[in-house]
Amino acid sequence: MPETITQPSRSSVASPLESERSITYAQAGVEGVREEMRRNLDIFYIGQGIGPRGGNFQQSRGLWQEFGEERVRDTPIAERAQTGIGVGAALAGSHPIIDIVFLDFTLEAMGEIVQQASTIHYISNGRFKVPMLLRAAGGGVRSTGPHHSHTFWSFFAHIPGLKVAVPSIPYDVKGLIKTALRDENPVIFIEHKGLYSTKGNVPQEEYLIPFGQARIARPGDDVTLVSLGMMVLRSLDAATRLADAGISVEVIDLRTLVPLDKETIFASVAKTNRLVIVDEAYASCGVSAEVAALVAGEAFDELDAPILRICARPTPHSFSPSTDSYLVPSVERIVSEISDLVGNKI
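Residues numbered from 1 in each chain as written. Predicted model: local features only at pLDDT ≥ 70, side-chain atom pairs only at ≥ 80, totals over all residues. Heavy atoms only, no water.

(A) Fine view of the sheet that holds strand E3 (residues 72-74). With mixed pairing, seven strands are arranged side by side in an open sheet as E3-E2-E4-E5-E7-E6-E12. The sheet is open, and its two borders are formed by E3 and strand E12 (256-258), each paired with just one other strand. Averaged over all pairs of adjacent strands, the angle between strand axes in this sheet comes to 20°, irrespective of strand direction. In this structure, strand E6 (residues 163-165) lies alongside strand E7 (residues 187-192), joined through three bridges in parallel fashion. Paired with Val-164 across the strands is Ile-188, a residue of E7. (Pairing = 2+ DSSP bridges. Helix = DSSP H or I, 4+ residues; strand = E, 2+ residues; numbered from the N terminus. Axes fitted to C-alpha atoms, helices over the stretch in contact; angles between N-to-C directions.)

(B) A look at the pairing of E7. Across the six residues of E7, six count as buried, placing the element largely inside the fold. Judged by which residues are buried, E7 turns out to be covered on both faces: Val-187, Phe-189 and Glu-191 on one side and Ile-188, Ile-190 and His-192 on the other are all buried. In this sheet, E7 lies alongside strand E5 (residues 133-138) in parallel orientation, the contact comprising six bridges. Across the sheet, residue Arg-135 finds its bridge partner in E7, namely Phe-189. Of the crossover connections in this fold, the one passing from E6 over helix H7 (residues 170-180) to the parallel E7 is right-handed. (Buried < 20%, exposed > 50% of the residue type's maximum accessible area, 1.4 Å probe, protein only. Right-handed = clockwise from strand over helix to strand, strands pointing away.)

(C) Just the nonpolar core, in detail. Among the nonpolar cores identified, the biggest contains 56 residues, and Val-33, Leu-133, Val-249, Val-276 and Ile-338 are the most heavily contacted of them. Those residues within four positions of Val-276 in sequence are excluded, and the remaining contacts are Val-223, Thr-224, Leu-225, Val-226, Leu-308, Ile-310, Ile-338 and Leu-341. Among the nonpolar cores identified, the runner-up in size contains 45 residues, and Val-114, Val-164, Ala-214 and Ala-281 belong to it. (Core = buried A, V, L, I, M, F, W, Y, C linked by side-chain atoms within 4.5 Å. Contact = heavy atoms within 4.5 Å.)

(D) Here's a closer look at the state of the cysteines. Summed over the entire model, instances satisfying the criterion amount to zero disulfides. Note on Cys-285: no disulfide assigned, nearest cysteine sulfur contributed by Cys-311 at a separation of 12 Å. Relative accessible area serves as the criterion here: at 70%, Cys-285 is assigned to the exposed category. On the accessibility criterion, Cys-311 (3% relative accessible area) is buried. (Disulfide = S-S within 2.5 Å.)

As structure tokens, this is what we get:
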């Protein structure tokens, strides 16, 4: 068994700025998994196409060649079976990684995730644990329609017993996936399909990122913008354009939804007195609603303007590029709506 390593403190996490090595989002995930599989022989990896082919998005490239079929095993298209195997293996002492590939098809395994993985520790009065990482790719890319574009991370954030991570940069992918693989709880790890080829600085040395620690991606003074996943990149682009118009936007990348870093959000709102949430998912009953409710309930006196939510429009994803681009928040839409909020038309 691996040695016990505690969660890193907020002050002990290395910064991506300390590294000049640039790798892709997909490579960062592979590195994190490889390091943890070398460290912990109880970890095994199963999923569709994750063996010799290296995954649909190269998210497991090279792992089969190093660890062999006993620890990196291709499965049929059977999400429910994969997840059930993972739950059973976790109860028996292993630490499985279950790769569902597309987030949309976690729906096929909701019984195993929601009714079993999330509840076993509780209903066993703490006698059993389910250390399991469920990995899936979400988000709309290239207008792939309603069955391959979903971003329903809020489904899992709603369920007690599950932890949920949604990294936006390569540095966070590696640091968070390593932390997830040292956790004794089931973790839902959602990567955005549109980010796999993006690059960023990732230190060569080992580091972990604790769950529940948001990242201030850009400091600002006039507006707090909270986002996650692909929308962090679009929010940063929008913040750059808004800065040219004299509007200073602080961009917060949530990183994890469970646990959620309320303190960083509240501190930012206390400084800017305005809150905007940008989420690729739908607004109704989603992450944006939760963040808005938390701020309204616990930091209402800090607000000088209504809370603004910029989310996907409430309609299924389309195969039409023009329709789909209208559905998902764009840089132009973020710029326009924040400009209106602060009364400074661009």
